[in-house]
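# Coordinate inspection notes
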Amino acid sequence: MDPVTLTTDRLLLRMPTPGDTGAVLAAVQDPDILRWTTIPSPYLPEHAQSFTEQLVPDGWAQDTTFTWGLFRPEAPSEVHSDVRSEVLPEGEDLVGMLGLSMRSLGTAEIGYWAVKEHRGNGYVTEAVRAASRWAFTELSVDRVEWRAEVGNRASRAVAERAGFVVEGVLRAGIVHQGVRRDCWTGALLPSDLGLPSTAPYLPAPH
């Protein structure tokens, strides 16, 4: 699949490119990202380069993992001088990263992280909703799953604000730095966003 660009009220979601390598490397030095994600630690320049130059484009080309950088467009800035006033081009500010990985027919798993300076503004929640809606309408996905190590309350808060239902705890459900750990798991269905499913869904009686 060719990379897809999405937009929300405040964000541009596009495939990270080699030009974003430096921003990714700087953001991932944050101890919280290294603590709660499966990103290599320590995170070195070669990791960021491999991510933007190989892992991301390969995921799109092979229809296995769809990765977006979350960018906040910056307004053009004016430069004043004694002679003239110049308006510089609009830039982009990296807010975070989001990926959708295909796990089985009709099921994708979502993962994300946010740049420290942009947490608490609802940006990632906004992006999660947009990416999930795209998966439901364009990929024939009927279930987007979310997992996070038990204790990662920031990730859980994003998932719940985006409409995910936390379904329980998987013992030894994830591997982080060579250690199996318990994780929360949840899911978002098309019906949670008012969308139809590809396949009929018959919920179990309560």
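Because the structure is a prediction, the values reported are computed rather than measured.

On a plain count of helices and strands, the chain comes out with five helices and ten strands. Compactness check: the chain gives a C-alpha radius of gyration of 18 Å against a globular reference of 17 Å for 206 residues, within 12% of the reference. Its C-alpha atoms put the chain at 75 × 40 × 35 Å along the principal axes. A burial count over the chain gives 42% of its 206 residues as buried. In the chain, the share of contacts with a sequence separation of at least 24, taken over all contacts with a separation of at least 6, comes to 62%. For the chain, the accessible area works out to roughly 11,400 Å², and carbon and sulfur atoms hold 52% of it. In the chain, the 18 positive side-chain charges and the 27 negative ones have mean positions that sit 10 Å from each other.

Structurally, Glu126 is set in helix H4 (residues 123-138). When sequence neighbours within four positions are dropped, the list of residues in contact with Glu126 reads Thr8, Asp9, Arg10 and Leu11.

As a further point, take unusual backbone geometry. With an omega of 0°, the peptide bond running from Ser41 to Pro42 counts as cis. Relative to the assigned elements, Pro42 resides in the loop between helix H2 (31-36) and helix H3 (45-61). For Asp63, which is not a glycine, the phi torsion comes out positive at approximately 55°. Within the fold, Asp63 resides in the loop between H3 and strand S3 (65-74).

As a further point, take the environment of Phe66. Tracing the sequence through the fold places Phe66 in strand S3. A residue is classified by how much of its surface remains accessible, and Phe66, at 2% relative accessible area, is buried. Taking the C-alpha atoms as reference points, Phe66 and Thr38, separated by 28 residues in sequence, lie 17 Å from one another. If near-sequence neighbours (up to four positions away) are discounted, Phe66 is found in contact with Met1, Trp60, Leu98, Gly99, Leu100, Met102, Trp134 and Leu139.

Formed by 51 residues in total, the largest nonpolar core has its most connected members in Trp68, Leu100 and Trp113. Of all the elements, H4 adds the most residues to this core, at eight residues. Once residues within four sequence positions are removed from consideration, Leu100 is found in contact with Thr64, Thr65, Phe66, Trp68, Ala108, Glu109, Ile110, Ala131, Trp134, Ala135 and Val144.

A few words now on H3. Helix length check: H3, at 17 residues, gives a terminal C-alpha distance of 24 Å against a target of 24 Å (1.5 Å per residue), a fit within 8%. At Phe51, H3 shows its largest kink, close to 45°. For H3, the full list of buried residues reads Ala48, Phe51, Thr52, Val56, Gly59 and Trp60. Looking at the residues trailing H3, positive phi occurs at Asp63, about 55°.

What counts, and where the lines are drawn
- Residues numbered from 1 in each chain as written.
- Predicted model: local features only at pLDDT ≥ 70, side-chain atom pairs only at ≥ 80, totals over all residues.
- Heavy atoms only, no water.
- Helix = DSSP H or I, 4+ residues; strand = E, 2+ residues; numbered from the N terminus.
- Rg over C-alpha atoms; globule rule 2.2 N^0.38 Å.
- Buried < 20%, exposed > 50% of the residue type's maximum accessible area, 1.4 Å probe, protein only.
- Contact = heavy atoms within 4.5 Å.
- Areas by Shrake-Rupley, 256 points an atom, 1.4 Å probe, with all protein chains shown as cover.
- Lys, Arg positive; Asp, Glu negative; His and termini not counted.
- Charge placed at Lys NZ, Arg CZ, Asp CG, Glu CD.
- Core = buried A, V, L, I, M, F, W, Y, C linked by side-chain atoms within 4.5 Å.
- Expected span 1.5 Å × (residues − 1).
- Bend = angle between axes of the 7 residues up to and from the residue.

Fair warning: the whole summary comes from geometry, so function is off the table for now.
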